[in-house]
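Listed below are the residues making up each chain.
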Amino acid sequence: MLHKAQAILYLKGVRMMRRVLTRRRGEGLIPYLFLAPWLIGVLAFSAIPIFTSLYLSFTNYNFIGTPNWIGLRNYLTMFTDDPQYLQSLKVTFMYVFVAVPLELAFALGLALLLNRGIGGLGTYRSLYYIPSLIGGSVAIAILWRQVFGAEGIVNQTLGVFGFDMPSWIGTPGYAVWALILLKVWQFGSPMIIFLAGLKQIPSDFYEASSLDGAGRWKQFAHITLPMLTPILLFNAIMQMISSFQAFTPAYIISEGTGGPVNSTLFYTLYLYQNGFGNFQMGYASSMAWVLFIIIGVFTWLAFKASDRWVHYDN
Amino acid sequence: MALANRYQKILLHTLIIAGVVIMLYPILWMLSSSLKPSELIFTDNSLWPKKVTMDHYIKGWAGISKTTFTTYYLNSITLVAIAIIGNVVSCSLAAYAFARLEFKAKKLMFGLMLMTMMIPLHVLVIPQYIMFNKLDWMNTILPIVVPKFFATEGFFVFLTVQFIRSLPRELDQAATVDGCGPFRIYTKVILPLIVPAIVTTTIFTFIWTWNDFFSQLLYLTGQEKLTVTLALRIFLDAMGESALGSLFAMSFLSIVPVFLMFMFFQRFIVEGIATSGIK
């Protein structure tokens, strides 16, 4: 009985192999040779790690011993017994939901100014893009520490107007604003995407509406803005996803501490401290999963809400 | 929306230029401070230094505890070069399969590739760290460069797929008639035509790998293995604000390669962002 079953399975296997090897449709195994690096990569660097990380998030694991299954305890600790975690959530939410709208407002504003048929568009566009190019680097974070330091150029400028400010970097409540402004400073890349979107709007829309007597403001509200909403949605989602994961500026500006008084303790910075400072890898994994869920939920919400305000032109 | 008159036009230019100056002022201030004698950095407010000195560059380059920035630059350049080769080869291979070849579960796999682009790095990094540690790859560049040879940056695969799809299929068909198999079509027909996509992949790999801090911080720890970004951070921790001039000099130098890439390949960067919406 068993032998028969084995024989059947074996024959089935052979037939399947033959089918894979000599498939009519397509080029047999050849496509898989081209795909092999990617397939191995997905398996080794995405699929296996993602399941391992999910497993680790339910364990207590300090990198040296073996992971200890503790069920949901990591997740419970986070929300009930770790004020620092809640602080990191607070700082990150504030950062994302203040910096991204401001950044997009600047990006859209400048894109509209640059799109008014003036000369030198290419040069201006490149100059405004420079901060996006280097804004996430260690060099710029080092610069930012000085720009927003006690005697930095920001305070010197404010001093001219009679404001006496403390060091932004060293004062809780101010430090996160230095980071927010660093993000806003990088509005060049969403601006380029807005500019590309503005070019897609057919000029006869504007011509027709001016014949109807629409002024510039009306044109903006009834043509430009609705036509740009898909791009606005795209920019908002992309910037939101990347700023939830911001790490380098907070790390450098606070020298890895998230200080002063945890006021720049970004989510990923606290995750890094837990996972690679204290080697609480189980806890750090569950933090990573919560971040994943948060990003997923907000992306989903943005798409969901988009039915109401995003105009798709069919 | 053409502008009504010349006066308005001048006003607009002035506004835009003022914006540029404010935006780029911090970078210019860093450059100018790096050229000023230390005592003038916070006292001489003009961007044009009264006295120019190269001291900060010489002292800064000497680095920390005997390892100079020559080592750090060589390390960064090696890392970036290998990353570029990995991404270009592996991503173009996968892209060719997705764009031109027929196979089972193609749609499913393409979807899988798009999905991997959306997974935050932090979800993967802990298991990867454990794995690389088991492989004994700590304090080497392997954890950073090896994944690049396995098309892990789906974004570049996607970009190249889009590019190949825009090429006329007749080219492949003609080559098939001439007796070319998929491999020869890939090397003789597709590769020469996707040079712009390869350039875009190269530039973005360069900029991202050069600027990357997180993975280098995790995997490179030995003094002689440090890259430029890591060296800057050590510099900051060791010297703090006492050697501000040198810190600025080395920080400024570290962004120069990125600037140069941008200047020479602007068109590819702007198009890359505008068509695919990356950073």
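Rules used throughout
- Residues numbered from 1 in each chain as written.
- Chains lettered and ligands numbered in written order.
- Predicted model: local features only at pLDDT ≥ 70, side-chain atom pairs only at ≥ 80, totals over all residues.
- Heavy atoms only, no water.
- Contact = heavy atoms within 4.5 Å.
- Buried area = accessible area lost by both parts, 1.4 Å probe.
- Salt bridge = Lys/Arg side-chain N within 4 Å of Asp/Glu carboxyl O.
- Polar contact = N/O pair within 3.5 Å; in protein donor to acceptor, adjacent residues only side chain to side chain.
- Helix = DSSP H or I, 4+ residues; strand = E, 2+ residues; numbered from the N terminus.
- Nonpolar A, V, L, I, M, F, W, Y, C, P; charged D, E, K, R; others polar.
- UniProt positions renumbered as here; feature names shortened; annotations may be inferred.
- Phe/Tyr/Trp six-rings, centres within 6.5 Å; stacked < 30°, edge-to-face > 60°.
- Buried < 20%, exposed > 50% of the residue type's maximum accessible area, 1.4 Å probe, protein only.
- Axes fitted to C-alpha atoms, helices over the stretch in contact; angles between N-to-C directions.
- Parallel < 35°, antiparallel > 145°, perpendicular 65-115°, else oblique.
- Left-handed = near helix turned anticlockwise from the far one by under 90°.

## Digging into the interface of chain A and chain B
Part 1 of the reasoning: Each side of the interface is counted separately: chain A has 87 residues, and chain B has 89 residues.
Part 2 of the reasoning: Here chain A and chain B share an interface that buries about 8,200 Å² over both sides, 76% of which is from carbon and sulfur atoms.
Part 3 of the reasoning: In terms of surface lost to chain B, no three residues of chain A exceed A:Phe34, A:Trp38 and A:Phe45, which account for 11% of the buried area on that side.
Part 4 of the reasoning: Run the count over chain A and chain B and you get zero salt bridges.
Part 5 of the reasoning: One can count ten residue pairs in polar contact (both at pLDDT 80 or more) joining chain A with chain B.
Part 6 of the reasoning: The element best represented in the side of chain A that touches chain B is helix H2 (residues 30-56) of chain A, accounting for 20 residues.
Part 7 of the reasoning: By residue class, the composition of the side of chain A that touches chain B is 58 nonpolar, 20 polar and nine charged.

## Some words on the UniProt feature "transmembrane region" (unreviewed entry) in chain B
Residue and element names in this part refer to chain B.
Part 1 of the reasoning: Per the UniProt record, the feature "transmembrane region" (unreviewed entry) sits at residues 12-31, 72-98, 110-132, 144-164, 185-210 and 243-265.
Part 2 of the reasoning: Structurally, residues 110-132 comprises 91% helix and 0% strand, and the distance from its first C-alpha atom to its last is 27 Å.
Part 3 of the reasoning: Across residues 185-210 one finds 96% helix and 0% strand; the C-alpha atoms that close the span lie 33 Å apart.

## Details of the UniProt feature "domain: ABC transmembrane type-1" (unreviewed entry) in chain B
Part 1 of the reasoning: The UniProt record marks residues 73-265 of chain B with the feature "domain: ABC transmembrane type-1" (unreviewed entry), using the residue numbering of this structure.
Part 2 of the reasoning: With 77% helix and 0% strand, residues 73-265 of chain B has its two end C-alpha atoms placed 22 Å apart.

## Focus on the packing of aromatic side chains
Part 1 of the reasoning: Here the structure, examined in full by the defined rule, presents 58 aromatic pairs over all chains.
Part 2 of the reasoning: Seen in terms of ring centroids, A:Phe244 and A:Phe298 are 6.0 Å apart; in terms of plane orientation they differ by 35°. Their pairing is tilted. Linking A:Phe244 in helix H11 (residues 216-244) with A:Phe298 in helix H14 (residues 281-309), this pair joins segments that are 54 residues apart in sequence.
Part 3 of the reasoning: A relative accessible area of 24% means that A:Phe298 is categorised as partly exposed.
Part 4 of the reasoning: For the ring pair B:Phe98 and B:Phe103, a centre distance of 6.2 Å and an interplane angle of 50° mean the geometry is tilted. Across this residue pair, the class does not change: B:Phe98 and B:Phe103 are buried.

## Points about the packing of helix H4 (residues 83-114) of chain A against H11(A)
Residue and element names in this part refer to chain A.
Part 1 of the reasoning: It is at 10 Å that the axes of H4 and H11 come closest, and there the two elements cross at 140°. It follows that H4 is oblique to H11 by the angle criterion. Handedness of the H4/H11 crossing: right-handed. Residues Thr92, Phe93, Tyr95, Val96, Phe97, Val100, Glu103, Leu104, Leu108 and Leu112 of H4 touch H11, and the partners they reach there are Phe220, Thr224, Leu225, Leu228, Leu232, Asn235, Ala236, Gln239, Met240, Ser243 and Phe244.

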